[in-house]
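Remarks on the overall topology
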Amino acid sequence: PKLPWYLLFFIRNFCRYCYFITISCPATNPSMLNVHLVPHTHDDVGWLKTVDQYYYGDRNNIQHAGVQYILDSVIDQLQKDPARRFIYVETAFFYRWWKQQNQSTQRIVTQLVNEGRLEFINGGWCMSDEATTHYSAVIDQMTLGLRFLNDTFGECGRPRVAWHIDPFGHAREHASIFAQMGYDGFFFGRLDYQDKARRMKTKEMEMLWRASESLTPPLADLFTGVLPNGYNPPEGFCWDQSCNDAPIRDDPDLEDYNVDEIVQKFLNASYRQAGFYKANHIIMTMGSDFQYENANLWYKNMDKLIKYVNALQAKGSKVNVLYSTPSCYLQELNLANLTWPLKTDDFFPYADDAHDFWTGYFTSRPALKLYERLSNSRLQTCNQLEVLGGPKSKSGPFGEGDSDTMKRAMGVAQHHDAVSGTEKQHVAYDYARRLATGWAHCEVLVRNSLAILSGSEAPRVFCENLNISVCPLTESSHKFSMNVYNPLGRTVSWPVRLPVNGSVYSVTDANGRVVPLSKSTQEVRRNRGYAKGELVFQVEAPPLGYSTYIISMLRDEPPASSAKPTATRSIQNKFLKVTFDETTGLLSSLTNLETNQTIQLTQNFYWYNASAGNNKESPQTSGAYIFRPNSSDPFVINKTAETQIVTVSSTVQEVTQWFSPWVSQVVRLYEGHRELELEWTVGPVPVADGLGKEVITRLDTDIKSSDYFYTDSNGREVLERRKDYRPTWELKQTEPVAGNYYPINSRAYIKDDKHQLTVVTDRSQGASSLYNGSLEIMLHRRLLYDDYRGVGEPLSEPGDFSDGLVARGRLLLTFTPPDTAADVHRPLAQGMVLQPLLSFQDGTPSANTKLEFSGLQTDLPPAVHLLTLSQWDEDTVLIRLEHQYQAKESKTHSQPVTVNLQKLFSTLDVLGASEMSLGANQWKEDMDRLHAKDPSPWEVTLNPMEIRTFLLRVRQL
């Protein structure tokens, strides 16, 4: 008989016998200082070489590194002594290696995992960056890695410790995510040098991190430890083939016998490290970047070290050395029953010396950062349509498609040298290529799914270059349809801009209604296409569904220009009014017409002169990682802007501002929208003058912000910032600009008692508030020198024509009273992250084509966001529902809200539901952390900032 789905899942994934859970970790001695040696390798999923080059050991002239040989060697050495341990982190590499092994090797590895001798730590597809990643992509890449480990090794493969030894600063939201995924602890290597010195002095290198102001403790509480040596071994104890430290020479009959010297040196290092920690247990990371390619060197010397250090116990030594893992080390700390200091903020910004703030990478490679964000949106759409279209989505009229390729590409892109922008140029190209390949696989799936849902198998195209006004179909066709797919759980209204060559068009919606106030306008933005104008109109699409629009050319002649060079006074819709200074052409004020509030608002573009290393005090330069301007005062690009006003009926009002040949901006107000759009274009950044440039836009207002400003953490909760201040130590500020920069993933704002100006971004960037009422955002960087942090080349992206990268992006400004600000910026930011997907078909849809569809029965409540909808197995889907408001930030929406799972979907019958951990690798009921009871099995209650994950058994209706 066929077993129930939930029993099959339980047996397959959670009931495998796990030996190391039933026994203790290696024995320790409670009366001694226990030194836990943790053999490990840190394998970047791309950095100086591509992922493939690192795996195979190719291009060793750049860096000697071959991950496949590391794993081969470690597995061989672990079999030689049951006391030996090893931890592995990057599932993207292990997944590749595992697939290439024969059954005999796989059985050996499985036994090592079952016995706890090979332990997976962290377990995500990569070790993600924490400053420039969005929480949804982080959760996805963690789920991807954790699922592979769970499917392959069962409960024994489940990581119990998060391990971020290399990211350049640490986000509170990451800690919250790890806590909600059921991790017992979190260890990292990098923190600000001033913070580290204070913590070492006060023995606060280990702490309890309370990572959410909204979630009830201990839901987001996580034990957190700072590793003593970054992630390297103590000085003098690196025995990798890449190191030069002396091996242990233990034959007294030979020359250079050094056991006594090495042992004493190790005892000194152990006692010195113990002086910085509370417990009689300390951890030593025995390994580093791409080490253990010849694991015998490491293990042979560590075996000797353990033997000779522990032999001194017979003579009264109080040091006990053992092979261990972070999980075993954490277990001992838990048994010690100590009280730990509390941490409630984050670990940004990070500096490793007085003038070396790692705040430049918040903005480095802005085009790659945007491409990664757009790829995340496309992946969510691909996942959803795979579920909604059913099994034929992967194999349909347009061929074989899949979402897995895109999932793996996005997983790699979250790496702390990928979306961070800190890789070599050829590696950045490789990350982008992987995302493009992933989308090509998803495109087939999306075409199949939309064909199934709409009933139309006509060819469908996607225009990838609408941001530069290029779409061959819309430019050439006299009649075509546009499908607008909305990945959000609520109805959206969205402005669409299509490049066209006719002068008069008509647009009708799915119900045959003429879309009002659509008009072709003269194209004034920099573009590379052949379109003479743009068609601008508002579209609306239902939740988790699509709507179809029919566009017909009525007059086939070039459109007349509506661009008028003029000294513009103002533009407005029914919500906002924007004024411009007649003399300078710059913004001068912003008015909320609903609340009748006005602020002075000036916006301009500036550049910081990047230090070139000739400063007498410090040779540090700006580079891919580090932001170090040689002056606190930026250069203004132009004190005035040449302006053109373009009015497109009442759909949109826009003003174009030209600041220089390489900086321009379009200021837009769309009808019915409560945000002001600033579409900026920067580049190619000129460097012929020999000066590297870090380009910002700055908003100056009369808001009395009093040195406070606010930034989001990975796109979720917002943290308060204060100029020249750190909540947990007395800051000695040495870089007044770079030392006040923080990462923003989706928003930043300034406020006083009555006014709040919020900026929503389309990618991760760096931001600060250096003056009262001011907010600046770094948009682009082009530098001439390396910053000596390993990447080995200047951050000077060539762009398409080798004269420098041109970057284009959008900032959305909202102006509201503080108590209603979140009601506007929360849904606005989600709409920026998950954008509608446009696809086009030439000609007129057939009569039986379904022009509109929604996968939901109705809109989700405003506080609820559908974070994940993804096919899990043949008849199960993974769903995550999220409360997108923080506690107390909205009078209307910061309340618990309930959703009924059985009444959610229009085309899926929900037959069963089981709640999972956030990482979807544990049953929620098996986690130790508290969770509330729901009123019924189908009704899910969400509290502010809560994410709940379910595995649903479904049937297509």
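Since this is a predicted model, take the numbers as computed values, not measurements.

On to the overall build of the chain, then. Each helix and strand in the chain was counted, giving 17 helices and 45 strands. Computed over the C-alpha atoms, the radius of gyration of the chain is 29 Å, within 12% of the 30 Å expected from 2.2 N^0.38 for a compact globule of 957 residues. Each principal axis of the C-alpha distribution contributes one length, and for the chain these read about 95 × 80 × 50 Å. Counting every position in the chain, which comprises 957 residues, the buried fraction comes to 65%. Counting only contacts in the chain whose residues sit at least 6 apart along the sequence, the fraction spanning at least 24 positions is 76%. Of the roughly 34,200 Å² of accessible surface on the chain, 49% is carried by carbon and sulfur atoms. A distance of 2 Å separates the average location of the 95 positive side-chain charges in the chain from that of its 111 negative side-chain charges.

Between phenylalanine 348 and proline 349 the backbone carries a cis peptide bond, its omega angle lying at -10°. Note on placement: proline 349 falls in the loop between strand 10 (342–343) and helix 13 (366–389). Cis geometry is found at the peptide bond from glycine 683 to proline 684, where omega equals -10°. Unlike most non-glycine residues, leucine 544 shows phi in positive territory, near 50°. Looking at the element boundaries, leucine 544 is found in the loop between strand 17 (533–541) and strand 18 (545–555).

Before going further, it helps to spend a moment on the side chain of aspartate 356. With respect to the helices, strands and loops of the structure, aspartate 356 is situated in the loop between strand 10 and helix 13. A polar contact is formed between the side chain of aspartate 356 and the side chain of arginine 789, at a distance of 2.9 Å.

UniProt annotation of "domain: Glycoside hydrolase family 38 central" (unreviewed entry) refers to residues 356–435 when read in the numbering used here. Secondary structure content for residues 356–435 is 56% helix and 5% strand, while the C-alpha to C-alpha distance between its ends is 32 Å.

What follows concerns the sheet that holds strand 1 (residues 33–39). Backbone-to-backbone hydrogen bonds pair the strands of a sheet. The strands run either parallel or antiparallel. Spatially, the three strands line up as an open sheet ordered 8-1-9, and their pairing is parallel. If you trace the sheet from one side to the other, it starts and ends with strand 8 (281–286) and strand 9 (319–323), each paired once. Neighbouring strand axes in the sheet, compared pairwise and without regard to direction, differ in orientation by 25° on average. As judged from the six bridges shared by strand 1 and strand 8, these two strands associate in the parallel manner. Residue pairing across strands places leucine 37 opposite methionine 284, the latter belonging to strand 8.

Taken together, the five strands give an open sheet; going across it, the order is 4-5-7-6-10, and neighbouring strands pair in mixed fashion. Because the sheet does not close on itself, it has two edges, and the strands there are strand 4 (161–164) and strand 10. Bridging between strand 6 (residues 206–210) and strand 10 involves two bridges; their strand directions are parallel. Paired with tryptophan 209 across the two strands is lysine 343, which belongs to strand 10.

To continue, consider the pattern of salt bridges. Applying the stated criterion across every chain yields a total of 50 salt bridges. Here aspartate 430 makes a salt bridge to arginine 434, at a shortest N to O gap of 2.8 Å. Of this pair, aspartate 430 and arginine 434 both sit in helix 15 (residues 425–454), separated by four residues, roughly a single helical turn. One network of salt bridges, with partners in common, ties together Arg497, Glu534, Glu654, Arg668, Glu677, Glu679 and Arg810.

Okay, helix 14 (residues 404–413) next. Think of an α-helix as turning once every 3.6 residues; residues three or four places apart then point the same way. Within helix 14, eight of the ten residues are buried, which leaves the element mostly enclosed by the surrounding structure. At its buried positions, helix 14 is contacted by helix 3 (51–56), helix 7 (135–153), helix 13, helix 15 and strand 40 (864–873).

With that settled, the discussion passes to the state of the cysteines. Counted according to the given criterion, the structure contains four disulfides. A disulfide bridge connects cysteine 382 with cysteine 442, and the sulfur atoms are separated by 2.2 Å. What sets the handedness of the cysteine 382 and cysteine 442 disulfide is the S-S torsion sign, and at about -95° it is left-handed. You can see cysteine 382 sitting in helix 13 and its partner cysteine 442 sitting in helix 15, a full 60 residues away along the chain. Look at cysteine 382 and you get buried, because its relative accessible area is 0%. Given a relative accessible area of 0%, cysteine 442 falls into the buried group. With no disulfide of its own, cysteine 126 has cysteine 442 as its nearest cysteine by sulfur position, at a separation of 18 Å.

Turning our attention to the environment of threonine 110. One can find threonine 110 in helix 6 (residues 103–114). Taking the relative accessible area as the measure of exposure, threonine 110 reaches 23% and is therefore partly exposed. What threonine 110 contacts, discounting residues up to four positions off in sequence, is Trp98 and Phe153. A distance of 2.8 Å separates a polar side-chain atom of threonine 110 from the backbone oxygen of glutamine 106.

To continue, consider the pairing of strand 4. A regular strand carries its side chains on alternate faces of the sheet. Burial of strand 4 is two-sided: the residues Val161 and Trp163 facing one way and the residues Ala162 and His164 facing the other way are all buried. In terms of strand pairing, strand 4 meets strand 5 (residues 185–188) through four bridges, oriented parallel. In the strand pairing of strand 5, alanine 162 is matched with phenylalanine 186.

Let us look at the packing of helix 5 (residues 91–99) against helix 7. Two numbers describe how helix 5 lies on helix 7: the axes approach to 10 Å, and their chain directions differ by 40°. Between helix 5 and helix 7 lies a crossing of left-handed hand. Across the interface between the two elements, Thr91, Phe94, Tyr95 and Trp98 of helix 5 pack against Gly145, Phe148, Leu149, Thr152 and Phe153 of helix 7. Partitioned by chemical class, the residues of the contact of helix 5 with helix 7 number six nonpolar, three polar and no charged.

Bringing the packing of aromatic side chains into the picture now. A ring pair, where both rings are aromatic, is described by two values, the distance of the centres and the angle of the planes. Counted by the stated rule, this structure contains 46 aromatic pairs. Here a set of aromatic residues connected by ring pairs shows up, and it is made of Tyr88, Phe94, Tyr95, Trp97, Trp98, Phe120, Trp125, Phe148 and Phe153. The ring centre of tryptophan 872 lies 3.8 Å from the NZ or CZ of arginine 147, which sits over that ring. Residue placement shows arginine 674 over the ring face of phenylalanine 575; its charged tip is 4.0 Å from the ring centre.

What follows covers the environment of alanine 83. With respect to the element layout, alanine 83 can be found in the loop between helix 4 (67–78) and strand 2 (86–88). Assessed through its relative accessible area of 38%, alanine 83 is described here as partly exposed. Separated by 166 residues in the primary sequence, alanine 83 and arginine 249 have C-alpha atoms spaced 22 Å apart.

As a further point, take the confidence of the model for the chain. For the chain, mean pLDDT is 93; residues scoring 70 or higher make up 93% of the total. Within the model, pLDDT remains below 50 along residues 1–17, and this stretch shows 36 contacts once partners closer than five positions in the same chain are excluded.

Rules and cut-offs
Residues numbered from 1 in each chain as written. Predicted model: local features only at pLDDT ≥ 70, side-chain atom pairs only at ≥ 80, totals over all residues. Heavy atoms only, no water. Helix = DSSP H or I, 4+ residues; strand = E, 2+ residues; numbered from the N terminus. Rg over C-alpha atoms; globule rule 2.2 N^0.38 Å. Buried < 20%, exposed > 50% of the residue type's maximum accessible area, 1.4 Å probe, protein only. Contact = heavy atoms within 4.5 Å. Areas by Shrake-Rupley, 256 points an atom, 1.4 Å probe, with all protein chains shown as cover. Lys, Arg positive; Asp, Glu negative; His and termini not counted. Charge placed at Lys NZ, Arg CZ, Asp CG, Glu CD. Polar contact = N/O pair within 3.5 Å; in protein donor to acceptor, adjacent residues only side chain to side chain. UniProt positions renumbered as here; feature names shortened; annotations may be inferred. Pairing = 2+ DSSP bridges. Axes fitted to C-alpha atoms, helices over the stretch in contact; angles between N-to-C directions. Salt bridge = Lys/Arg side-chain N within 4 Å of Asp/Glu carboxyl O. Disulfide = S-S within 2.5 Å. Left-handed = near helix turned anticlockwise from the far one by under 90°. Nonpolar A, V, L, I, M, F, W, Y, C, P; charged D, E, K, R; others polar. Phe/Tyr/Trp six-rings, centres within 6.5 Å; stacked < 30°, edge-to-face > 60°. Lys NZ or Arg CZ within 6 Å of the ring centre and 35° of its normal. pLDDT = per-residue confidence, 0-100.

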